[in-house]
Amino acid sequence: MGTGRLYTAVALGGFRRYATYRTATAAGVFTNTVFGLILAYIMTALWDEKPHLGGYDQAQALSYVWLSQALLMVVATMGGGFEDELLERIRTGDIAIDLYRPADLQLWWLAQDAGRALFHLLGRGVVPLAFGALCFDLALPADPLTWLAFLVAVALGVLVSFSLRYLVALSAFWLLDGAGTAQMAMIAGVFCSGMLLPLNVFPGVLGEVVRALPWSSLIQAPVDVLLGTADPLGTYAFQAAWAVGLLALGRLLQSVATRRVVVQGG
C-alpha cells in the first residue's frame, strides 16, 4: 500500500471509529445545543448592556456562540482525542511496537485525528449551528467562498490542535504520568481558545497575549474569518506558523524519544 493510501485509510478508520458511537454523538449534540442556548442568552444580556463589545454587534456575538459550540469537538478544545490512547501506549511501553512500524508515528496519529475531526464537524457541528440559526438572528454569510475560507481556517485549527496535543502525549516519555500535562493543556485550551468568551473582549495586555498564543487558532481565528472581522490570509499565516513550529518541535521530541527507546531496548 502506498504512503498516501495508508494514511488515507487511517483517516477513514478514525472517521468510522467515532461514527460507531451514535448514542454518544446524539448526547453530545444535545449537550452542545443546551450550552449554546445558555451562552446565547448570556451573550444577549451582555451585549444589551455593552453593544459592540469586542468589535462585534449582537448578531455576530450570537453567531460566535453557536460557531464555537459547533467547533468545540472538531478542534478538541478540551482534549479527549488520540492523545489519551497515545499517552497510555507510552505509559505501558506499547509505543515501542509503534516506533518500529514502517509508518511515521506523527503522520499516523495526525491522519487518525483528521478522521475524528471530520466526523465531529459533520456529526456534532452542523446540528447545533442549524438550531442556533433557526432560533436566533445570526450574522452568517451567504457567500460560499466565505464558508470555504472558514473551512480552511478550521482545518488549520485542527492541525494546530493536533500539534499541541501531540506534544502533550510525548511528555509521557519523560514524566511518570502525562495526566497532569493533559489537564493543564485542557485548561489552557478552554481559556485561551475563545471557547467560552471571544478573545476580543479580553482587556489590554491579557487580550494581546491570548490572541498571540496557538490556542487562538482553534476557535477565535476560524470564527473571525467567517464573520469577516479578520483577514483570511493573515489568519492562515498565523495558524500555519504555529502549526509548522509545533509540528517541528513534536518531530524533534519524537526523534529524541525514539533514540531513547532504541537504546533502552538494546
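Residues numbered from 1 in each chain as written. Predicted model: local features only at pLDDT ≥ 70, side-chain atom pairs only at ≥ 80, totals over all residues. Heavy atoms only, no water.

The protein is annotated in an unreviewed UniProt entry as ABC transporter permease from Streptomyces kaempferi.

Our next topic: the nonpolar core. Ranked by size, the top nonpolar core spans 42 residues in total, and within it Trp66, Leu67, Leu71, Ile219 and Val223 carry the most contacts. For this core, the secondary structure elements donating two or more residues are helix H2 (22-49), helix H3 (58-71), helix H6 (105-135), helix H7 (144-170), helix H8 (179-192), helix H10 (220-227) and helix H11 (232-265). At eight residues, the largest contribution of residues to this core is made by H3. Apart from the residues within four sequence positions on either side, Val223 is in contact with Tyr64, Leu67, Leu71 and Phe150. In terms of nonpolar packing, the next biggest core, distinct from the first, is built from 16 residues, Phe82, Leu87, Leu99 and Ala169 among them. (Core = buried A, V, L, I, M, F, W, Y, C linked by side-chain atoms within 4.5 Å. Buried < 20%, exposed > 50% of the residue type's maximum accessible area, 1.4 Å probe, protein only. Helix = DSSP H or I, 4+ residues; strand = E, 2+ residues; numbered from the N terminus. Contact = heavy atoms within 4.5 Å.)

Next up on the list: helix H4 (residues 82-92). Within the sequence span of H4, burial applies to Phe82, Glu83, Leu86, Leu87 and Ile90. The arc enclosing the buried residues of H4, seen along the axis, measures out at 130 degrees, which places them on a common side. The inward-facing, buried residues of H4 abut helix H5 (95-99), H6, H7 and H8. One or two steps after H4, the chain reaches Gly93, where phi turns positive at roughly 90 degrees. (Arc of directions from axis to C-beta.)

What follows deals with the pattern of salt bridges. In this structure the tally under the stated criterion is seven salt bridges. For Arg17, the salt bridge identified is with Glu85, shortest N-O distance 3.0 Å. Taken together, the residues span a long stretch of sequence, with Arg17 in helix H1 (residues 3-19) and Glu85 in helix H4 at a distance of 68 residues. By relative accessible area, Arg17 is classed as partly exposed at 36%. When the shortest N-O distance is used, the salt bridge between Glu88 and Arg91 registers 2.6 Å. You can see Glu88 and its partner Arg91 sitting in helix H4, three residues apart, about one turn around the helix. (Salt bridge = Lys/Arg side-chain N within 4 Å of Asp/Glu carboxyl O.)

One can find Arg116 in helix H6. For Arg116, a relative accessible area of 2% puts it in the buried group. Residues within four places of Arg116 in sequence aside, it is in contact with Gly14, Phe15, Tyr18, Met73, Val74, Ala76, Gly81 and Arg165.

As a further point, take the environment of Gly194. Residue position: Gly194 is located in the loop between H8 and helix H9 (204-212). Residue classification places Gly194 among the buried positions, given a relative accessible area of 1%. Here the alpha-carbon distance between Gly194 and Gln69, two residues 125 residues apart in the chain, equals 11 Å. With residues near it in sequence (within four places) discarded, Gly194 still touches Tyr64, Ser68, Leu199 and Ile219.

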